[in-house]
Amino acid sequence: MEKDKEKLIHKKKPIRMTLSRGFRILLFFVLVSVEFAINISSGLLSSASKNIKKTLVMKDAEFGLFGTFNGLGRVIGSSIFIIIVNYFNRKWVFALFVLVKSFLLCCFKLTTQKYLLIGTRFFIGIVHMPPSIYIPVWIDQFGVQKLKTMFMTIVQVVMPTGKVAGYLLHALFGEDNWQNGFVFEGVYLFCVGLFVSFTPGKYFSSKLYVIKNEDGEEHVEKNKKDKVSIFEMRKS
């Protein structure tokens, strides 16, 4: 009987694990760079609008469909993320949507069929939202306690900065090579998607929460190479 009680107590004891603070900070900058990159295409569309309409033989009304369909896709993408966020592995959800967007962006280099690209913008809008929404969620769960406010501020800064980068890429590649800006964004997102795919799943687990000390700060232990924070697994 006593052995059975000990087994039950052991089963009820929460699982604890350590997460490197240094790697969490690195991972934040990788994730926030996604927010930067996914806004490049918005800047490119604004900067290269005349060249895009000329290349695709589009009227102003048809060009406006890029924004309309993208906005509709974002609404649907947000709804999808709300449904799946607590039912699927968050690491693979993030990586999958980033990788899909990287391939969709390359379509601007592969075809000049305007209606096909308008449809592509719709799907780009869908895959845009899950990574964008998840980044603040990740910061709240895994961000270093003392740096969370700064992390959230950086997220807001990189959004318009990404659009400015779109203008710069258009100027860099030239007016006749505006498609290369989309390819650049796609290649970078592909690299980030691969990086996240090989990142340990515990850095994205929905069941982990940081253990805090009496002062309300995260409990940190000094390792030989790095400081590590103690996280605990939720029971459900």
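To be clear, the structure that these remarks concern was listed above.
Keep in mind it's a predicted model, so treat the numbers as computed, not measured.

(A) Quick look at the pairing of strand E4 (residues 227–233). Of all the 7 residues making up E4, 5 are buried; the element is thus mostly covered by neighbouring parts of the structure. Looking at chain direction, strand E1 (residues 16–20) and E4 are connected through 5 bridges and run antiparallel. Looking across to E4, one finds that Arg16 is bridged to Glu232. Two strands pair when backbone bridges link them, and strand E2 (residues 208–210) and E4 are joined in this way by 3 bridges, in the antiparallel orientation. Across the sheet, the residue bridging to Val210 is Phe231, located in E4.

(B) Inspection of the side chain of Ser197 at higher detail. Position of Ser197 among the secondary structure elements: in helix H10 (residues 179–197). Judged by its relative accessible area of 14%, Ser197 falls in the buried class. Among the polar contacts listed, one links the side chain of Ser197 to the backbone oxygen of Gly193, at a separation of 2.7 Å. If we ignore the near neighbours within four places in the chain, the residues touching Ser197 are Lys91, Trp92, Ala95 and Leu99.

(C) Main features of unusual backbone geometry. Of note in the backbone geometry, Val57 takes a positive phi value of approximately 55° without being a glycine. Tracing the chain through its elements places Val57 in the loop between helix H4 (49–56) and helix H5 (60–84).

(D) Molecular detail of the packing of aromatic side chains. Enumeration according to the criterion identifies 14 aromatic pairs in this entry. Relative to Phe29, the ring of Phe28 lies with its centre 5.1 Å away and its plane at 65°, an arrangement referred to as edge-to-face. With a relative accessible area of 0%, Phe28 lands in the buried category. When its relative accessible area of 42% is taken as the criterion, Phe29 is described as partly exposed. Within the aromatic cluster, the residues linked to one another by ring pairs are Phe63, Phe66, Phe108, Trp178 and Phe182. Across the ring face of Phe63, the terminal group of Lys53 is positioned such that the distance to the ring centre comes to 5.7 Å.

(E) Representation of the side chain of Ser132 in the model. By the secondary structure assignment, Ser132 is in helix H8 (residues 114–142). For Ser132, the contacting residues outside a window of four places in its chain are Glu35 and Ile38.

(F) Examining the pattern of salt bridges more closely. All told, the structure shown has 3 salt bridges when counted by the stated rule. Put simply, Glu232 and Arg16 hold a salt bridge, and the shortest N to O gap is 2.8 Å. One end of the pair, Glu232, is in strand E4; the other, Arg16, is in strand E1, with 216 residues separating them in the sequence. Residue Arg16 is classed as exposed on the basis of its relative accessible area, which comes to 54%. The partner of Asp60 in a salt bridge is Lys53, and the shortest N-O contact between them spans 2.7 Å. For Asp60, a relative accessible area of 56% translates into the label exposed. Taking relative accessible area as the criterion, Lys53 reaches 21% and is therefore assigned partly exposed.

(G) Geometry of the state of the cysteines. In the structure shown here, the tally under the stated rule is 0 disulfides. Distance from the sulfur of Cys107, which forms no disulfide, to the nearest cysteine sulfur (Cys106) is 7.5 Å.

(H) Representation of the nonpolar core in the model. Leu31, Ile52, Phe66, Phe94, Trp138 and Phe204 are the most contacted members of the largest nonpolar core, which totals 53 residues. Here this core takes 9 residues from H8, the largest share from any one element.

(I) Region of the structure containing H10. With 19 residues, H10 extends 27 Å between its outermost C-alpha atoms, agreeing within 8% with the 27 Å of an ideal straight helix rising 1.5 Å per residue. Every buried residue of H10 is listed here: Gln179, Asn180, Gly181, Phe182, Glu185, Gly186, Leu189, Val192, Gly193, Val196 and Ser197. In the core, the buried residues of H10 are packed alongside helix H2 (21–37), helix H3 (40–47), H4, helix H6 (90–105), helix H7 (107–110) and helix H9 (148–173).

(J) Seen up close, the packing of H3 against H9. Contact geometry of H3 with H9 gives a least axis separation of 6 Å together with a crossing angle of 50°. In terms of orientation, H3 lies oblique with respect to H9. When you trace H3 past H9, the crossing you get is right-handed. Within the contact between the two elements, H3 uses Ile40, Ser42, Gly43, Leu44, Ser46 and Ser47 and H9 uses Gly162, Lys163, Ala165, Gly166, Tyr167, Leu169 and His170. Residue composition of the contact of H3 with H9, grouped by class: 5 nonpolar, 7 polar and 1 charged.

Parameters and conventions
Residues numbered from 1 in each chain as written. Predicted model: local features only at pLDDT ≥ 70, side-chain atom pairs only at ≥ 80, totals over all residues. Heavy atoms only, no water. Buried < 20%, exposed > 50% of the residue type's maximum accessible area, 1.4 Å probe, protein only. Helix = DSSP H or I, 4+ residues; strand = E, 2+ residues; numbered from the N terminus. Pairing = 2+ DSSP bridges. Polar contact = N/O pair within 3.5 Å; in protein donor to acceptor, adjacent residues only side chain to side chain. Contact = heavy atoms within 4.5 Å. Phe/Tyr/Trp six-rings, centres within 6.5 Å; stacked < 30°, edge-to-face > 60°. Lys NZ or Arg CZ within 6 Å of the ring centre and 35° of its normal. Salt bridge = Lys/Arg side-chain N within 4 Å of Asp/Glu carboxyl O. Disulfide = S-S within 2.5 Å. Core = buried A, V, L, I, M, F, W, Y, C linked by side-chain atoms within 4.5 Å. Expected span 1.5 Å × (residues − 1). Axes fitted to C-alpha atoms, helices over the stretch in contact; angles between N-to-C directions. Parallel < 35°, antiparallel > 145°, perpendicular 65-115°, else oblique. Left-handed = near helix turned anticlockwise from the far one by under 90°. Nonpolar A, V, L, I, M, F, W, Y, C, P; charged D, E, K, R; others polar.

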